[in-house]
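Next come the chains, spelled out residue by residue.
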Amino acid sequence: MSPVKVTKICCIGAGYVGGPTCAVIALKCPHITVTIVDLNQARIDAWNSADFALPIYEPGLVEVVKQARGRNLFFSTDVDKGIKEADLIFVSVNTPTKKSGVGAGFAADLNYVELATRRIAAVAHSSKIVVEKSTVPCRTAESMRTILEANSRPGCRFDILSNPEFLAEGTAISDLFSPDRVLIGSLQTQEGKDACGSLSDVYANWVPKERILTVGLWSSELSKLAANAMLAQRISSVNALSAICEATGANIDEVAHAVGFDSRIGPKFLRASVGFGGSCFQKDILNLVYLSESLHLPQVAAYWRQVVEMNEYQKSRFSKTVVDTLFNTITGKQIAVLGFAFKADTGDTRESPAISLVRDFLSERAYVTIYDPQVEETQIWLDLAEACPTVPLELIKKQVTIVKSAIEACKNKEAIVIATEWKEFREIDWHTVYTHMNKPAFVFDGRMLVDADALRQIGFKVKVIGRGERV
Ligand SMILES: NC(=O)C1=CN([C@@H]2O[C@H](COP(=O)(O)OP(=O)(O)OC[C@H]3O[C@@H](n4cnc5c(N)ncnc54)[C@H](O)[C@@H]3O)[C@@H](O)[C@H]2O)C=CC1
Ligand SMILES: O=C(O)[C@H]1O[C@H](OP(=O)(O)OP(=O)(O)OC[C@H]2O[C@@H](n3ccc(=O)[nH]c3=O)[C@H](O)[C@@H]2O)[C@H](O)[C@@H](O)[C@@H]1O
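Going by an unreviewed UniProt entry, the protein chain carries the name UDP-glucose 6-dehydrogenase and comes from Rhodonia placenta. Here the protein chain is described in UniProt, under the heading Pathway (unreviewed entry), as follows: "Nucleotide-sugar biosynthesis; UDP-alpha-D-glucuronate biosynthesis; UDP-alpha-D-glucuronate from UDP-alpha-D-glucose: step 1/1."

Attention now goes to the overall build of the protein chain. What the protein chain contains, in helices and strands, is 19 helices and 14 strands. For the protein chain, whose C-alpha radius of gyration is 24 Å, the value lies close to the compact-globule estimate of 23 Å for 471 residues. Once the C-alpha set of the protein chain is aligned to its principal axes, its extents read approximately 75 × 50 × 45 Å. Looking at the 471 residues of the protein chain, the share that counts as buried comes to 46%. A fraction of 74% describes how many contacts in the protein chain between residues 6 or more apart in sequence connect residues 24 or more apart.

The next thing to look at is the site of ligand 2. The local shell around ligand 2 holds 21 residues, among which Arg271, Ser273, Phe276, Gly278 and Cys280 are the closest. Broken down by class, the residue content of the shell around ligand 2 amounts to 11 nonpolar, 6 polar and 4 charged. Built from parts of two domains, the shell around ligand 2 gets at least three residues from each of domain 1 (8-207) and domain 2 (217-471).

We now examine the domain arrangement of the protein chain. Often, the extent of an interface is quoted as the loss of accessible area on bringing the components together. Here the domain parsing of the protein chain yields domain 1 (8-207) and domain 2 (217-471). Counting from both sides, the interface comprises 28 residues of domain 1 and, opposite them, 25 residues of domain 2. Elements with a minimum of two residues in the side of domain 1 that touches domain 2: helix H6 (140-151) and strand S7 (182-186). Residue contributions to the side of domain 1 that touches domain 2 peak at 4 residues, all from S7. For the side of domain 1 that touches domain 2, the class distribution of residues is 17 nonpolar, 8 polar and 3 charged.

At their nearest, the axes of helix H1 (residues 18-28) and helix H3 (residues 61-68) sit 9 Å apart, and the two run at 50 degrees to each other. In terms of axis orientation, H1 runs oblique to H3. When the axes of H1 and H3 are compared, the crossing they make is left-handed. Contacts from Pro20, Ala23, Val24, Ala26 and Leu27 of H1 reach H3 at Leu61, Val64, Val65, Gln67 and Ala68. Classifying every residue of the contact of H1 with H3 by side-chain character gives 9 nonpolar, 1 polar and no charged.

For the peptide bond that leads from Lys439 to Pro440, omega is 0 degrees, which places it in the cis range. Here Pro440 is to be found in the loop between helix H18 (430-435) and strand S13 (442-445). The backbone of Phe52 shows a phi angle near 55 degrees, a positive value even though the residue is not glycine. Relative to the helices and strands, Phe52 is located in the loop between helix H2 (41-47) and H3. Look at Met448: it is not a glycine, yet its phi comes out positive at around 50 degrees. In this fold, Met448 is placed in the loop between S13 and helix H19 (452-458). Overall, the presence of 21 C-beta atoms within 10 Å leaves Met448 in the buried class.

Another point: the site of ligand 1. What surrounds ligand 1 is a group of 27 residues, the closest being Gly13, Gly15, Tyr16, Ser134 and Thr135. By residue number, the principal contributor to the shell around ligand 1 is helix H5 (residues 111-123), which donates 3 residues. Looking at the shell around ligand 1, its residues break down into 13 nonpolar, 10 polar and 4 charged.

What follows is about helix H9 (residues 217-248). An ideal rise of 1.5 Å per residue puts 46 Å on 32 residues; H9 measures up with 47 Å between its terminal C-alpha atoms. Gly249, located one to two residues past H9, shows a positive phi value of around 95 degrees.

Let us look at the nonpolar core. In this structure, Val337, Leu338, Ile370 and Val417 are the most contacted members of the largest nonpolar core, which totals 75 residues. Ranked by the residues each element gives to this core, the list is headed by helix H11 (residues 281-294), at 7 residues. Apart from residues lying up to four places away in sequence, Leu338 is in contact with Tyr371, Ala406, Ala409, Ile416, Val417, Ile418, Ala419 and Phe425. Membership of the second largest hydrophobic core comes to 62 residues, among which are Ala26, Leu27, Leu54 and Ile83.

This part takes up the pairing of strand S9 (residues 334-338). Of all 5 residues that make up S9, 4 are buried, and the element is covered over most of its length. Judged from the 5 bridges that link them, S9 and strand S10 (residues 367-371) form a sheet pairing that is parallel. Residue pairing in the sheet places Leu338 in a bridge with Tyr371 of S10. Taken together, S9, helix H13 (residues 353-363) and S10 constitute a β-α-β crossover, and its handedness is right-handed. Pairing of S9 with strand S12 (residues 415-418), which is carried by 4 bridges, proceeds in the parallel orientation. Following the sheet pairing, Ala336 is matched in S12 by Ile416.

Right, let's get into H3. Listing the buried residues of H3 in full gives Val64, Val65 and Ala68. Each buried residue of H3 sits inside an arc of 95 degrees when the element is viewed along its axis, so together they form one side. Set apart from the buried face of H3 by more than 90 degrees, the exposed residues are Glu63 and Lys66. Positive phi appears at Gly70, one or two residues downstream of H3, with a value of about 85 degrees.

Thresholds applied
Residues numbered from 1 in each chain as written. Chains lettered and ligands numbered in written order. Predicted model: local features only at pLDDT ≥ 70, side-chain atom pairs only at ≥ 80, totals over all residues. UniProt positions renumbered as here; feature names shortened; annotations may be inferred. Helix = DSSP H or I, 4+ residues; strand = E, 2+ residues; numbered from the N terminus. Rg over C-alpha atoms; globule rule 2.2 N^0.38 Å. Buried ≥ 20, exposed ≤ 12 C-beta atoms within 10 Å, placed from the backbone. Contact = placed C-beta atoms within 7 Å. Near = placed C-beta within 6 Å. Nonpolar A, V, L, I, M, F, W, Y, C, P; charged D, E, K, R; others polar. Domains from an automatic or database assignment. Axes fitted to C-alpha atoms, helices over the stretch in contact; angles between N-to-C directions. Parallel < 35°, antiparallel > 145°, perpendicular 65-115°, else oblique. Left-handed = near helix turned anticlockwise from the far one by under 90°. Expected span 1.5 Å × (residues − 1). Core = buried A, V, L, I, M, F, W, Y, C linked by C-beta atoms within 7 Å. Pairing = 2+ DSSP bridges. Right-handed = clockwise from strand over helix to strand, strands pointing away. Arc of directions from axis to C-beta.

Take a look at the structure:
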């Protein structure tokens, strides 16, 4: 046997990963037909929209979809047809943290992966390479294989690969165009290696061969959790140091710069912040914690859990700084929150630290005005309703206003809180903002974004995360 040449790909799940990843495969491999399927009709309609109003905001994505859609890239809700026609199927469905049952709050909910796998088993009439793209606990591929093999028809075989995705939102397209590495895990049998060869050949259309790493299935699955855990650990480490900086008068920017200059440590991912957000860091670490506990490794579990606990501490520490600085009460005060996405250049709000901040301000009975350049108003209401489950939405709406510009958000406010590092917040006309604020006018910068000295010159009182200066 030798690797099958892939000509038709189906991707189950048209979300933040499935959409951009397979759109880029279609762009780079015009000889392969790529169909991205999803059960969510509204999402597929948006991917197919005539004006390219795509369901996710990602710089460069529209250009990719414009070039490939209708040529060799298709979006559809016909999941069964997509599965039947493909030689290779990516499973790129969501794997959120379980909300109930065994492992609730820690383990990954694999229901969507299982349903997608069962659908493949039910409708496939020919052999398929099935690729785990979703982030999953170690040995999930084995469960997928068991389901598929128990249901396979004569002459129809399934090879399972793990091919975790490392893109970051906001830079997804450049990450996909030029990945640090592509990781493919397979069984170390001849069939497994052949399947791995088939997928490697797809990526080799644009990724240098030395960046395509092939490993065993379980190593591949664990490497994804490990990479996210270690990235998040760096942020929690720098955030822990930011608390020391604030207490001592040191500057976290200078500390991170000095530490990162050590080539063994490196400068990336050392930016102190109000806390990390996003759909994956917390979920994947909790998943690792659950795995460690299941393996009777409580010390290992405790070690990783602390990364998430430090992140929770950082968010609440920042809220407390706002309250303490505003003379120990924000009841009835007007606060502008700039940014609601979990990071700049995305409209994604999953686990955004801004949600925790607004929840804390609401519990202190402050009035909050929110502006974000990409997040939809409906999404903000959904997030706040979920974050404050005991407060009726009508009451939340009495305390929160959502506006269409940063200047409008800041008008007549006592304090501005920067929660997302959108570039446009650095470039606001701060003189105009100052004129229209109540005095003393405070800025709390949770992203080390603004020129604090320039703002102080204007008259603002400024607190920046990780800096010990007095306001
Ligand atoms: N968001 C990110 O930046 C990254 C996410 N990941 C991982 O990738 C996976 C997917 O994440 P996202 O794309 O962010 O999730 P998402 O929630 O944006 O997209 C998942 C999609 O799968 C669809 N879906 C679920 N079950 C289905 C089924 N049985 N048939 C057809 N469609 C189905 C949902 O309708 C949804 O549109 C997760 O495991 C995540 O941990 C990995 C790297 C980066
Ligand atoms: O598995 C995933 O979902 C992805 O998770 C992260 O990507 P993402 O969450 O999209 O974005 P990051 O750039 O990693 O930022 C995550 C959070 O950390 C924060 N952050 C990041 C870097 C930093 O130095 N400081 C910091 O606070 C960001 O503001 C953001 O809230 C990883 O970077 C990706 O490699 C991975 O594929």
